[in-house]
Amino acid sequence: MSDSPVLPPAPQHCPTPVELDDLELLVSGAFAPTTAFDEPGSPITLSLPESLRDAPTVELVDPEGLPLARVSEGRIEPLTHAQFGPFRDHYLSPAATREQYAGRTFVPVTDALTTAQLDELRELGPLVLLALAGTGTPSLSPVGLVRATLAAARALPDAAVVVVPFASHGDADLDHELGVRVVDNYAQGDPVHGLADPGDDDLSPEIAAIVDFDRPAPGEQGLVLFFTGLSGSGKSTLARALTDRILEQGERTVTSLDGDVVRRNLSAGLTFSKADRETNIRRIGWVAAEIARHGGVAVVSPIAPFDETRQQVREMVEDAGGHFFLIHVATPLEECERRDRKGLYAKARRGEIPEFTGISSPYEEPEDAAVRVDTTGRTIEDALGDVLQELSASGHLVLDEPSAEGATPGPSRRPLKVLFVCTANICRSAFAEVTARHLAGDGADLEFISAGTHGHDREPLDVEMTAVLSPGVEPGEFASRPLTAELVEQADVVLTAETRHRTFVLEEHPQAFRKVFTLGQFAAAAGESALTGRALLDELGRRRSAPDPALDVADPYRRGREAARAAADQITGHLEVVIPALTDTVPTHDAKDR
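Note that the structure is a prediction, hence the values are computed from the model and not measured.

**A short note on the sheet that holds strand E13 (residues 416-422)**
Spatially, E14-E13-E15-E16 is the arrangement adopted by the 4 strands of the open sheet, whose pairing is parallel. Strands at the two margins of the open sheet, each flanked by one partner only, are strand E14 (446-452) and strand E16 (516-518). Between one strand axis and the next, the sheet turns through 25 degrees on average, direction left out of account. In the sheet, E13 pairs with E14 via 7 bridges, with the strands oriented parallel. Across the sheet, residue Lys417 finds its bridge partner in E14, namely Glu447. Lying over the sheet, helix H17 (residues 499-508) contacts E13, strand E15 (493-496) and E16, oriented at roughly 170 degrees with respect to E16.

Written out as structure tokens, the structure is:
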């Protein structure tokens, strides 16, 4: 019988998703020569909560509580490996990969392979496609990347797929350095082939279908509508009204997670302390994220006073593939107190309710709200209209207008928003904005705006381009602006002067891939289609065809009147096709009367 003392069990800790990916690569040898967390000079670190920082040993577990390893001063003692998850049989260590696939060419993959890239790989012989599917690394979701890579392997003569949970650490240079190390540890001297830039290449039908499923259009994406505001601000009333409108339309499944209802059914037993309120919001966020994961709509209406907790919910939703839409019901405290039917504010001011938001506990106003609504002196329908307008503009939810008694309900007629893009936003895109507004006239349901990838701020239309405007067309108070993520997100279609501008937009905003075209590309496609308006945008968004650089509008800046005239004629010719296709009407002016 041993006299050795029985040591108490080590405290357990579930690392972040990035740290779990790092743990797997450390144990497998993929990060060699690094083999432990927190080695001197290493970016591979483990952040423990303050209560565990002095513990000699900590047991790391996965989100399900499965013990994976013990860590002592960074050194790792493996207990088991991750055993579950999609495509787990494709997660191989460098040693296991060498046993099966030594001598092949290794190809790192972080996005769906295009037809041109597949043609490139067919000439290389037997391959190992290393799908780098760790947290934050692939353009697609990790599962989407593996599905797309397996589809690519089926299209190649001899290709195996190995999945590597290589996570992004938020630093492009660091991620590149670590990625090279990981790939070299898998290849171990075998050839490594870096893929050419995909540019605007097409995807095969099978891979395109996987990408479309993984990146649903805004109107098909899971959605969390998160109302936040003081008690009495009107957030629950707005949330209920919005839930009713979604149910009345009957096109989306919707779940209401009202604060009081959740307190009774999900968070019974929690107090109103800061810690318990944060726990309550995180529980709501987790449920809402799961609803969004499966394409549903969750309507959430807690007070949620703390920005850190709201950001945690946003992260949960986005990690689940959903869209987090934050509505700040910004009714002032004075108005909330005036409405206080339960007398809660009065009790709080008398000290009878501790930690009451707005009185004895702070409310941190969100700076990242999609819409801000003050319900003071407004009807519910009027205030809800602000929310519906922004939801419609983003494309995530377009609801029918309420019908008058006896009338037939019809779809909401939100104007289509067209964004023109060139480099500086003083020549081509500016000319397109001014001319498009003239061509469309006052009756068209279209809104036009323009911006530059490296745009000047509040500069007028270029003198040469002003001189070649059609008779009767005035630039008005046009002022240039730089391109922003908000402009891209709000636009229904983005039309660029050149292919390189389109590439720039897609590199910065890959989620917008369905709605970014060159002006010439869109005009050519619209001219061949029988569809118009939103139906046309939906059809062209599904095609993902590459633009023809021959249709680009050349830059006329500082190249004289002839270059300006050529650019103006080309832009106007394209717009004479585009405007009727978007409005289903004949232009109200003849632009050829210049």
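**Observations concerning helix H9 (residues 274-293)**
If you check H9, its first and last C-alpha atoms are 28 Å apart, about what 20 residues at 1.5 Å a residue would give, namely 28 Å. Among the residues of H9, those classed as buried are Asp276, Arg277, Glu278, Asn280, Ile281, Ile284, Gly285, Ala288, Ala289, Ile291 and Ala292. Looking one or two places after H9, you find Gly295, whose phi comes out positive at around 85 degrees.

**What about unusual backbone geometry?**
Here the residue pair Ala32 and Pro33 is connected by a cis peptide bond, since its omega of 15 degrees sits within 30 degrees of zero. Take Pro33: it is sitting in the loop between helix H1 (17-28) and strand E2 (58-61). The phi dihedral of Asp38 falls on the positive side, at around 60 degrees, and the residue is not glycine. Along the chain, Asp38 turns up in the loop between H1 and E2.

**Some words on helix H6 (residues 205-214)**
Listed in full, the buried residues belonging to H6 are Ile207, Ala208, Ile210 and Val211. What you see down the axis of H6 is that its buried residues fit within an arc of 160 degrees, all on one side. Opposite the packed face of H6, turned more than 90 degrees from it, sit the exposed residues Pro205 and Phe213. The secondary structure elements touched by the buried residues of H6 are helix H3 (115-121) and helix H4 (142-154).

**Examining the sheet that holds strand E5 (residues 105-109)**
One open sheet accounts for 3 strands, arranged E5-E6-E7; its pairing is parallel. Since the sheet does not close on itself, it has two edges, and those belong to E5 and strand E7 (159-164), each with one partner. Shown here is a sheet whose adjacent strand axes are inclined to one another by a mean of 25 degrees, direction ignored. Sheet topology places strand E6 (residues 127-132) next to E7; 6 bridges connect them, and they run parallel. Counterpart to Leu132 in the pairing with E7 is Val164.

**Points about the nonpolar core**
Within soluble globular proteins, side chains that are nonpolar tend to cluster in buried spots. Membership of the largest hydrophobic core comes to 42 residues, with the highest contact counts inside it found for Phe420, Leu495, Phe522 and Leu575. Elements that contribute at least two residues to this core include exactly E13, helix H14 (428-440), E14, E15, helix H18 (519-528), helix H19 (533-543) and helix H20 (560-583). No other element matches the 9 residues that H20 contributes to this core. Those residues in contact with Leu575 that sit more than four places away from it in its chain are Phe420, Ala432, Thr435, Ala436, Leu439, Leu519 and Pro580. Membership of the second largest hydrophobic core comes to 39 residues, among which are Ala133, Ala148, Val494 and Phe513.

About the thresholds
- Every residue gets a number counted from 1 within its own chain, in the order that chain's sequence is written.
- This being a predicted model, a pLDDT of at least 70 is required before a residue's local features are given, and a value of 80 or more before pairs of side-chain atoms are given or counted; all residues contribute to the totals for chains, interfaces and linings.
- The side-chain figures draw on all heavy atoms in the structure; neither hydrogens nor water molecules are used.
- Two strands are said to pair when DSSP picks up at least two bridges between them.
- We count a stretch as a helix when DSSP gives it H or I for four or more residues in a row; a strand needs E for two or more, and each element gets its number in order from the N terminus.
- Whenever a helix is involved, its axis is fitted only over the stretch in contact; in every case the axis is a line through C-alpha atoms, and angles between N-to-C directions fall within 0 to 180 degrees.
- Any two residues whose heavy atoms approach within 4.5 Å are treated as being in contact.
- Any helix carries an expected span of 1.5 Å times its number of residues minus one.
- Buried means the residue's accessible area, taken with a 1.4 Å probe over protein chains only, is under 20% of the maximum for its type, while exposed means over 50%, and partly exposed covers the values in between.
- When we speak of the arc, we mean the arc of directions from the helix axis to the C-beta atoms.
- Buried Ala, Val, Leu, Ile, Met, Phe, Trp, Tyr and Cys residues form a nonpolar core when they are joined through side-chain atoms within 4.5 Å.

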